[in-house]
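The residues making up each chain are set out below.
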Amino acid sequence: MNDPEKAALERTAQAGIAALQHGDGQVARRAFETIVASGRATVQIWLWLAQACDLLDDRAAVMAHVAQVVALDPANPYALVMAGEVQTRSGNDRAAIAWYERALNAAQGRQLPPDLIARLNRAAAAREAAFARFEGEMMGAFRDAGVDAASTGPRFAEAMQIVAGRSQPYLQQPTSFYYPRLPQIPFYDPAEFAWTVALAAALPAIRAEAEAVMAQGAGIAPYVEADPDRPNKGHALLADARWSAFHLFRNGLPIADHAARCPATMAALAQAPLPRIAGTAPMALFSILAPHTHIPPHNGMLNTRLICHLPLIVPDGCRLRVGAEVRDVRAGEVLLFDDSIEHEAWNDSDAPRAILLFEVWRPELTEAERQALTVMFETVAAYTPDQA
């Protein structure tokens, strides 16, 4: 572009900006459309054009120009929130919710100007209002049909959260191995497993052993450690002592001196259906989470197992989310869950949290499947191709 053309387009842009500032959508629109026609439009020009069309309440044009912005800058919060506002005015609550969700997610962790913060706050309020309108309509439909939706149980309640846009499907996404055709269940009921009764009954003795381990400190190491043979996955708590572990079994073998210090814990573990896979399992440890520490969302390696938590030392303010379900963590209340589904944990208290953590076979796997999986996992663990 030669200098006169560039200067002319800059003057046109300045005129468009001035018109926006004065609320003159027509003049602003003509100015920015001139720049678009030149083939020199930037993300900012497309955004200003969308704003000009918004002043004129030309909703179709706003959405078309927002699409141009998002194609070039997918996380542009101004464009995303503008699209949500347009859909709200159009009465399309479900579309508005989707745009507001994207805008709010795009804004997380960013330094934002006050005007955008105010619009995002309005977006959050509009999203909640849209949720309430949709849910009100749905509940009215249930009443008209004589359906008691509240009595259908947690599965339907979660489906309602998904269809309303408040949640999303959380499926098994193991990081290392996926075994097909298993049910997608975040939390299992410990009462359905006879071995959990003896585990909970052993709580006082296990807790005493954990307290002694924590008091002594020896053998406690960061839970997330780098593997020198594998690329770093960038875990937020890598080598961070705020999330620590005292291993009882590791790589399929007991750690002799650790096991000797915790005989009651080892006896309780012997009653559980631990996988026995050479070089891999069992895995069992005391997991210690420091005060005011958050374990960020992540997925486990396998969906052929469940993770068992026996909470031992649990101050108020400890929670565990698996998929869409968040549960308070309470001492002595066993938690059994599928860690291949996205999960995270919090200790919002001023004291450390300690749990006994170990893995068990999934109950849906037959004995034949467990045997075959054991051979398969052992073969994978031992496999070293000929380098000659």
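Treat the numbers as computed from the prediction; the structure is a model and nothing was measured.

The rules we used
Residues numbered from 1 in each chain as written. Predicted model: local features only at pLDDT ≥ 70, side-chain atom pairs only at ≥ 80, totals over all residues. Heavy atoms only, no water. Helix = DSSP H or I, 4+ residues; strand = E, 2+ residues; numbered from the N terminus. Expected span 1.5 Å × (residues − 1). Buried < 20%, exposed > 50% of the residue type's maximum accessible area, 1.4 Å probe, protein only. Arc of directions from axis to C-beta. Contact = heavy atoms within 4.5 Å. Pairing = 2+ DSSP bridges. Axes fitted to C-alpha atoms, helices over the stretch in contact; angles between N-to-C directions. Phe/Tyr/Trp six-rings, centres within 6.5 Å; stacked < 30°, edge-to-face > 60°. Lys NZ or Arg CZ within 6 Å of the ring centre and 35° of its normal. Core = buried A, V, L, I, M, F, W, Y, C linked by side-chain atoms within 4.5 Å. Parallel < 35°, antiparallel > 145°, perpendicular 65-115°, else oblique. Left-handed = near helix turned anticlockwise from the far one by under 90°. Nonpolar A, V, L, I, M, F, W, Y, C, P; charged D, E, K, R; others polar.

Draft legend 1. Spotlight on helix α10 (residues 203-216). Taking 1.5 Å of rise per residue, 14 residues should cover 20 Å, and α10 covers 20 Å from first to last C-alpha, within 8% of that figure. Residues of α10 that are buried: Leu203, Ile206, Glu209, Ala210 and Val213. One face of α10 carries all of its buried residues, which in axial projection span an arc of 135°. Within α10, the exposed residues directed more than 90 degrees away from the buried face are Pro204, Ala215 and Gln216. Looking at the residues trailing α10, positive phi occurs at Gly217, about 85°.

Draft legend 2. Local environment of helix α3 (residues 43-55). Relative to the 18 Å expected for 13 residues at 1.5 Å per residue, α3 spans 19 Å between its end C-alpha atoms, a close match to the ideal helical length. Buried within α3 we find Ile45, Trp46, Leu47, Leu49, Ala50, Ala52 and Cys53. Buried residues in α3 make contact with α1 (3-21), α2 (25-37), α4 (59-72) and α5 (77-89). Phi turns positive, to about 55°, at Asp57, one or two residues after α3.

Draft legend 3. Representation of the sheet that holds strand β6 (residues 293-298) within the structure. On the basis of which strands lie adjacent, the open sheet formed by 4 strands has the order β6-β11-β8-β9 and antiparallel pairing. Two strands close off the open sheet at either side, each with one partner strand: β6 and β9 (325-328). Put simply, the sheet's adjacent strands are angled 10° from each other on average, direction ignored. Sheet topology note: the strand β8 (residues 318-322)/strand β11 (residues 343-347) ladder contains 5 bridges and is antiparallel. Across the sheet, the residue bridging to Leu320 is Ala345, located in β11.

Draft legend 4. Representation of the side chain of Asp93 in the model. Here Asp93 shows up in helix α6 (residues 93-107). Here Asp93 falls in the buried class, since its relative accessible area comes to 16%. Setting aside chain neighbours within four positions, we find Asp93 in contact with Ala130 and Arg133.

Draft legend 5. Looking closely at the packing of aromatic side chains. Scanning all chains against the criterion turns up 10 aromatic pairs. Measuring from ring centre to ring centre gives 5.4 Å for Phe177 and Phe377, while their planes differ by 90°; the resulting arrangement is edge-to-face. Residue Phe177 is located in the loop between α8 (154-164) and β1 (187-188), and its partner Phe377 is located in helix α13 (residues 367-382); the two are separated by 200 residues in the primary sequence. On the numbers, 4.0 Å between centres and 5° between planes, the contact of Tyr223 with Trp243 is stacked. With a gap of 20 residues between them, Tyr223 in the loop between β2 (221-222) and β3 (243-250) and Trp243 in strand β3 connect regions that are remote in the sequence. The residue whose ring lies beneath Arg319 is Trp346, and the NZ or CZ to ring-centre distance is 4.3 Å. Over the aromatic face of Phe187 sits the side chain of Arg327, whose NZ or CZ is 4.2 Å from the ring centroid.

Draft legend 6. Spatial organisation of the nonpolar core. Phe32, Val66 and Leu120 are the most contacted members of the largest nonpolar core, which totals 37 residues. Taken together, the elements giving at least two residues each to this core come down to α1, α2, α3, α4, α5, α6 and α7 (114-145). Considering every element that reaches this core, the biggest residue donor is α3, with 7 residues. Setting aside its immediate chain neighbours within four residues, Phe32 contacts Ala13, Gly16, Ile17, Leu20, Ile45, Trp48 and Leu49. Residues Phe249, Ala259, Cys262 and Phe286 belong to the second largest nonpolar core, which totals 29 residues.

Draft legend 7. Spotlight on unusual backbone geometry. Following Ala281, the chain continues into Pro282 via a peptide bond in cis, with omega recorded as 15°. Take Pro282: it is sitting in the loop between α12 (263-269) and β5 (284-289). Phi is positive for Asp57, close to 55°, though the residue is something other than glycine. Within the secondary structure, Asp57 is located in the loop between α3 and α4. Here the phi dihedral of His292 falls at roughly 55°; this positive angle occurs in a residue that is not glycine. In this structure, His292 sits in the loop between β5 and β6.

Draft legend 8. Looking closely at the packing of α5 against α6. The contact between α5 and α6 brings their axes to 8 Å, and the two run at 160°. Taken together, α5 and α6 sit at an angle that is classed as roughly antiparallel. In the packing of α5 onto α6, the handedness of the crossing is left-handed. Where α5 approaches α6, its residues Pro77, Leu80, Val81, Ala83, Gly84, Glu85, Gln87 and Thr88 are matched on the opposing element by Ala95, Ala96, Trp99, Tyr100, Arg102, Ala103 and Ala106. Looking at the contact of α5 with α6, its residues break down into 10 nonpolar, 3 polar and 2 charged.

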